[in-house]
Amino acid sequence: MSTKVAIIASNGGLFDAYKVFNIATASAATEAEVAIFFTFEGLNLIHKQAHHQLPLPAGAEHIAEGFKNANIPGIPQLVQMAQELGVKIIACQMTMDVMNLTKEDFIDGIEVGGAVTFLDFAKDANVTLTF
Amino acid sequence: MPDIKVNQTLDCKGLACPMPIVKTKKAMDQLQPGQVIEVQATDKGSLADIQGWAKNTGHQYLGTTEEGDVLKHFIRKSSPNEVKEEKKHPHVVSNEELHQIMASNSKTTVLDVREPAEYAFNRIPGAISIPLGDLESRLDELNREDDIHVICRTGARSDLACQWLAEQGFKKVKNVEPGMSEWTGTTEGNH
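Since the structure is predicted, the reported quantities are computational estimates derived from the model, not experimental observations. (Residues numbered from 1 in each chain as written. Chains lettered and ligands numbered in written order. Predicted model: local features only at pLDDT ≥ 70, side-chain atom pairs only at ≥ 80, totals over all residues. Heavy atoms only, no water.)

### As for the overall build of chain A
When helices and strands are counted, chain A shows five helices and five strands. By the compact-globule yardstick of 14 Å for 131 residues, chain A fits well, its C-alpha radius of gyration being 14 Å. Based on the C-alpha atoms only, the size of chain A along its principal axes is roughly 40 × 35 × 25 Å. Classification of the 131 residues of chain A by burial places 46% in the buried group. Sequence separation of at least 24 residues holds for 79% of the intrachain contacts in chain A that already meet a minimum separation of 6. Within the structure as shown, chain A displays about 6600 Å² of accessible surface, and the carbon and sulfur contribution to it stands at 54%. (Helix = DSSP H or I, 4+ residues; strand = E, 2+ residues; numbered from the N terminus. Rg over C-alpha atoms; globule rule 2.2 N^0.38 Å. Buried < 20%, exposed > 50% of the residue type's maximum accessible area, 1.4 Å probe, protein only. Contact = heavy atoms within 4.5 Å. Areas by Shrake-Rupley, 256 points an atom, 1.4 Å probe, with all protein chains shown as cover.)

If you want it as structure tokens, here you go:
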């Protein structure tokens, strides 16, 4: 049976996005089964507009150039790659209700679910990560 | 070092993690089992990443060469039945027996039927390289009367080679088992 990787993304900055999507795409490319549960500010990472312009931490704005110089792929590109590799994206229903968001506010191809949707996947995961 | 023959070359130069791995995975999906890919990358982390990736996916990491800033990683796509394949050639010698034969008779022919990239990184000194797929077209490089010990990584490809050579009238071909995967004698390679 293949390795299962369960990730919780609960923060909405650019650094957070790279941590989440680098690990997710690398795992999926290594033939792991990957699911990410996006909750609270983590929802920014899959929000149609927001994921194109995620903020850098205060005081770290100059690092934007470093990303460019090192030829790091953009977040939208990583998200697309993750989906192509079969990474399961789950948006937290409860947070969406609180923030008055609907499934249409997010990128295509996501699932919406509650905590148990994620737990059902994570209960026998080999690796569980929280960002 | 000379170029190593591969089935596909993948350019990942200038790409950062995790792109070299992602592109390697996608390219590997298109290859046939047994084929070899050369992944060119400038990401220094790719050296450890590619090895870890191969270990976890079951593909065979052959080695890496360096040319300036470019790392060239060589990986062979594994086939699910490689270890399970039924062996049929009746004449078999163990690694240890081959070792003794070579020590006592320097004229023994060792025929290595792995891919050129596998041969390039790790081979028995003096072994002749003819990949299994090229055996038919290069048959005239071998002598039907010679003692020929055929070797590959695990004994599966060499078994097929032995069977086929026997059909072509080679009288003294023996399959070496298990082969290079557990060879403890002297080896050489382009590093």
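### What about the sheet that holds strand β4 (residues 70–76) of chain B?
Residue and element names in this part refer to chain B. Spatial strand order, β1-β2-β4-β3: four strands in an open sheet with mixed pairing. For this open sheet the edge positions go to β1 (8–12) and β3 (60–67), each flanked by a neighbour on one side alone. Going across the sheet, the axis of each strand differs from the next one's by a mean of 20°, ignoring polarity. Pairing analysis gives seven bridges linking β3 to β4, with the strands arranged antiparallel. Across the sheet, the residue bridging to G63 is F74, located in β4. On top of the sheet, helix α1 (residues 19–30) reaches β1, β2 (36–41) and β4; it is set at about 155° to β1, its chief contact. (Pairing = 2+ DSSP bridges. Axes fitted to C-alpha atoms, helices over the stretch in contact; angles between N-to-C directions.)

### Comments concerning the interface of chain A and chain B
With 16 residues of chain A at the contact, the number on the chain B side is 14 residues. Between chain A and chain B, roughly 1200 Å² of surface is buried when both sides are summed, and carbon and sulfur atoms account for 64% of that area. Looking at the side of chain A facing chain B, the largest losses of area belong to A29, T30 and E31 of chain A, adding up to 37% of the total buried there. Between the two partners, chain A and chain B, sit two salt bridges. K25 of chain B is paired through a salt bridge with E31 of chain A; the nearest N and O atoms lie 4.0 Å apart. Here chain A and chain B share four residue pairs in polar contact (both at pLDDT 80 or more) between them. Broken down by secondary-structure element, the contributors of at least two residues to the side of chain A that touches chain B are α1 (14–29) and α3 (75–84) of chain A. Per-element accounting of the side of chain A that touches chain B gives the leading share, five residues, to α1 of chain A. Grouping the amino acids of the side of chain A that touches chain B by side-chain chemistry returns nine nonpolar, five polar and two charged. (Buried area = accessible area lost by both parts, 1.4 Å probe. Salt bridge = Lys/Arg side-chain N within 4 Å of Asp/Glu carboxyl O. Polar contact = N/O pair within 3.5 Å; in protein donor to acceptor, adjacent residues only side chain to side chain. Nonpolar A, V, L, I, M, F, W, Y, C, P; charged D, E, K, R; others polar.)

### Comments concerning the domain arrangement of chain B
Residues and elements named next belong to chain B. When its domains are assigned, chain B resolves into domain 1 (8–76) and domain 2 (92–182). Computed over C-alpha atoms, the centres of domain 1 and domain 2 are 28 Å apart. If you look at the interface, domain 1 gives nine residues, while domain 2 gives six residues. Buried surface at the junction of domain 1 and domain 2, summed over both partners, amounts to about 610 Å²; 68% is from carbon and sulfur atoms. Among the residues of domain 1 in contact with domain 2, Q60, L62 and R76 are the three that bury the most area, contributing 63% of the side total. Inspection of the domain 1/domain 2 interface yields one salt bridge. Ionic pairing is found between R76 and E118, a salt bridge with its closest N-O pair at 3.5 Å. Connecting domain 1 to domain 2 are three residue pairs in polar contact (both at pLDDT 80 or more). (Domains from an automatic or database assignment.)

### Digging into helix α5 (residues 115–122) of chain A
Residues and elements named next belong to chain A. Along α5, the positions that sit buried rather than exposed are F118, F121 and A122. The buried residues of α5 occupy one face: seen down the axis, they fall within an arc of 95°. Of the exposed residues in α5, the ones pointing more than 90 degrees away from its buried face are V116 and L119. Buried positions along α5 lie against β1 (4–9), β2 (33–38) and β3 (88–92). (Arc of directions from axis to C-beta.)

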